[in-house]
Amino acid sequence: MRMLIVGGTQFVGRHIVEAALANGHDVTLLHRGKTGGDLYPEARHIIADRNGDLSALEHERWDATIDVSAYQPEQVGRLADVLSTGHYTFISTVSVYADPPPGYTEDARLREDDSYGGRKVACERVTQTRFKDPLILRLPYVVGPYDHLVRFTWWVKRIAAGGEILAPGHPDEPIQLIDARDLAKWTLTMTEMPNPGIFHPSGPAERLSFGELLTAMQQGTDATLTWVDPEFLIARGVGHEDLPLWPALDEEAAVNQADPAKAINAGLTLRPLRETIEDLRNEPPQPGRLGREREAELLREWRQR
Ligand SMILES: NC(=O)c1ccc[n+]([C@@H]2O[C@H](COP(=O)([O-])OP(=O)(O)OC[C@H]3O[C@@H](n4cnc5c(N)ncnc54)[C@H](OP(=O)(O)O)[C@@H]3O)[C@@H](O)[C@H]2O)c1
């Protein structure tokens, strides 16, 4: 298959490119050459800003386009102006939902505001208007190698370093995620389906709590978890920049409670969580986030309260 990936050199797109190359597809990447420009010499690279001149795409034929890097509806529209052939996949997010109820499905109400999620809703609408039978994937937290956002990987590395770990909030809060490699594999399968539709591939299949997640990361380390009340941390200015993934700080309370059945029934398979964790233990050290000194200080204060 001749496949165009719009993006493809950072994280989510990078795994899609790797899966496509491994499947023997003829892959073209469109990007500006700023992020990972020397990656994938075996693929063709079109160096262009998607907000600028896209005429390089005009007289080409692709069987499938996977758009990983659109955040504004105009970006999807401009692509539709120049792509005359093939199937289109839009990578979206579960942030599109407006205060979804626990167990929400893909037909839950969407945001109408000018937030990240609201703009992705607008992108989805252009996708549905301009492309025939598109695939729209609303992603939960994506985890795995190359993750430049240093969220899940930060926790794996912090817990692997051992000692007393400040665990925020309540261990029973649900969390959902997908390994980027499982997502990439399934995305490619779905691009070949006629009329695929909209999915949120929010793993795992069974409920996972934040406590179970951190406990899984703790296996084989000498780390101990000390759960600290959310009010205590919030009052001290501790947020997602310090302690990523903390579910209570997600904007929509039930965002981590999507029903993944539609994606799973459509063939999504998810590797065991421990595999993802083990693969990330050897990642380079992850800078940023809550420093060890600040963590120790907060834990001391928590005990003395
Ligand atoms: N990570 C998560 O947990 C998560 C959760 C939900 C949804 N998502 C969605 O997943 C996607 C994120 O994927 P990613 O960033 O990891 O994808 P990626 O495709 O691996 O990286 C982004 C790509 O876009 C290119 N790019 C950025 N601006 C561009 C422009 N103006 N013109 C042309 N190319 C441009 C970058 O290359 P250059 O810099 O070289 O141009 C890079 O190749 C987004 O759609 C996001 O909404 C992610």
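None of the values given here were measured: they were computed from a predicted structure.

Enquirer: What exactly am I supposed to notice about helix α4 (residues 152–160) here?
Expert: Along an α-helix, residues three or four apart share an orientation, since each turn contains 3.6 residues. Counting buried positions along α4 gives 8 out of 9 residues, so the element sits mostly inside the fold. Buried within α4 we find Phe-152, Thr-153, Trp-154, Trp-155, Val-156, Lys-157, Arg-158 and Ile-159. Just downstream of α4 lies Gly-162, where phi reads positive at about 85°.

Enquirer: Any chance you could explain unusual backbone geometry here in plain terms?
Expert: Across the junction of Gly-203 and Pro-204, the peptide omega takes the value -10°, indicating a cis bond. Relative to the elements of secondary structure, Pro-204 occurs in the loop between β10 (197–199) and α6 (210–218). In this structure, Asp-99 takes a positive phi of about 45° despite not being glycine. Topologically, Asp-99 is positioned in the loop between β5 (87–93) and α3 (116–130). Overall, Asp-99 belongs to the exposed group, its relative accessible area being 52%. Positive phi, close to 50°, is recorded for Val-150, a residue that is not glycine. In this structure, Val-150 sits in the loop between β7 (141–143) and α4.

Enquirer: How do you make sense of the pairing of strand β4 (residues 64–67) when you look at a structure like this?
Expert: Moving residue by residue along a regular strand, the side chains alternate between the two faces of the sheet. Because side chains alternate across β4, one face comprises the buried residues Ala-64 and Ile-66, and the other comprises Thr-65 and Asp-67, equally buried. Bridge analysis of strand β1 (residues 2–6) against β4 gives 4 bridges, and the strand direction is parallel. Of the residues in β4, the one forming a bridge with Leu-4 is Thr-65. Both β4 and β5 contribute to a ladder of 4 bridges, which runs parallel. Paired with Thr-65 across the two strands is Tyr-88, which belongs to β5. Between the parallel elements β4 and β5, the chain passes through helix α2 (residues 73–82) in a crossover that is right-handed.

Enquirer: Can you walk me through the domain arrangement of the chain in this structure?
Expert: One frequently used descriptor of interface size is the decrease in accessible area upon assembly of the parts. The domain boundaries assigned to the chain delineate domain 1 (2–142 + 178–199) and domain 2 (146–176 + 205–303). In this complex, domain 1 contributes 29 residues to the contact, which on the side of domain 2 involves 27 residues. Taken together, both faces of the contact between domain 1 and domain 2 bury some 2,500 Å²; the carbon and sulfur share is 53%. Between the two partners, domain 1 and domain 2, sit 5 salt bridges. Linking Arg-271 and Asp-182 is a salt bridge whose minimum nitrogen-to-oxygen distance equals 2.9 Å.

Enquirer: I tried to follow the pairing of β1 on my own but got confused; where do I start?
Expert: In terms of burial, β1 is a largely internal element, 4 of the 5 residues being buried. Here β1 runs beside strand β2 (residues 26–31); their pairing, made up of 5 bridges, is parallel. Bridging from a neighbouring strand, Met-3 pairs with Val-27 of β2. Crossover handedness for the path β1 to helix α1 (residues 12–22) to β2: right-handed.

Enquirer: Looking at this model, I keep getting lost on the site of the ligand. Mind explaining?
Expert: Taken together, 33 residues lie near the ligand, and Gly-8, Thr-9, Lys-34, Thr-35 and Arg-151 sit nearest. One nitrogen or oxygen atom from the side chain of Tyr-116 is found 2.7 Å from an oxygen atom belonging to the ligand. Contact with the protein chains hides 91% of the accessible area of the ligand, taken as 920 Å² for the molecule alone. Of the residues belonging to the shell around the ligand, the class tally is 13 nonpolar, 13 polar and 7 charged. Taken domain by domain, the shell around the ligand gets at least three of its residues from each of domain 1 (2–142 + 178–199) and domain 2 (146–176 + 205–303).

The rules behind these values
Residues numbered from 1 in each chain as written. Predicted model: local features only at pLDDT ≥ 70, side-chain atom pairs only at ≥ 80, totals over all residues. Heavy atoms only, no water. Buried < 20%, exposed > 50% of the residue type's maximum accessible area, 1.4 Å probe, protein only. Helix = DSSP H or I, 4+ residues; strand = E, 2+ residues; numbered from the N terminus. Pairing = 2+ DSSP bridges. Right-handed = clockwise from strand over helix to strand, strands pointing away. Domains from an automatic or database assignment. Contact = heavy atoms within 4.5 Å. Buried area = accessible area lost by both parts, 1.4 Å probe. Salt bridge = Lys/Arg side-chain N within 4 Å of Asp/Glu carboxyl O. Near = heavy atom within 4 Å. Polar contact = N/O pair within 3.5 Å; in protein donor to acceptor, adjacent residues only side chain to side chain. Areas by Shrake-Rupley, 256 points an atom, 1.4 Å probe, with all protein chains shown as cover. Nonpolar A, V, L, I, M, F, W, Y, C, P; charged D, E, K, R; others polar.

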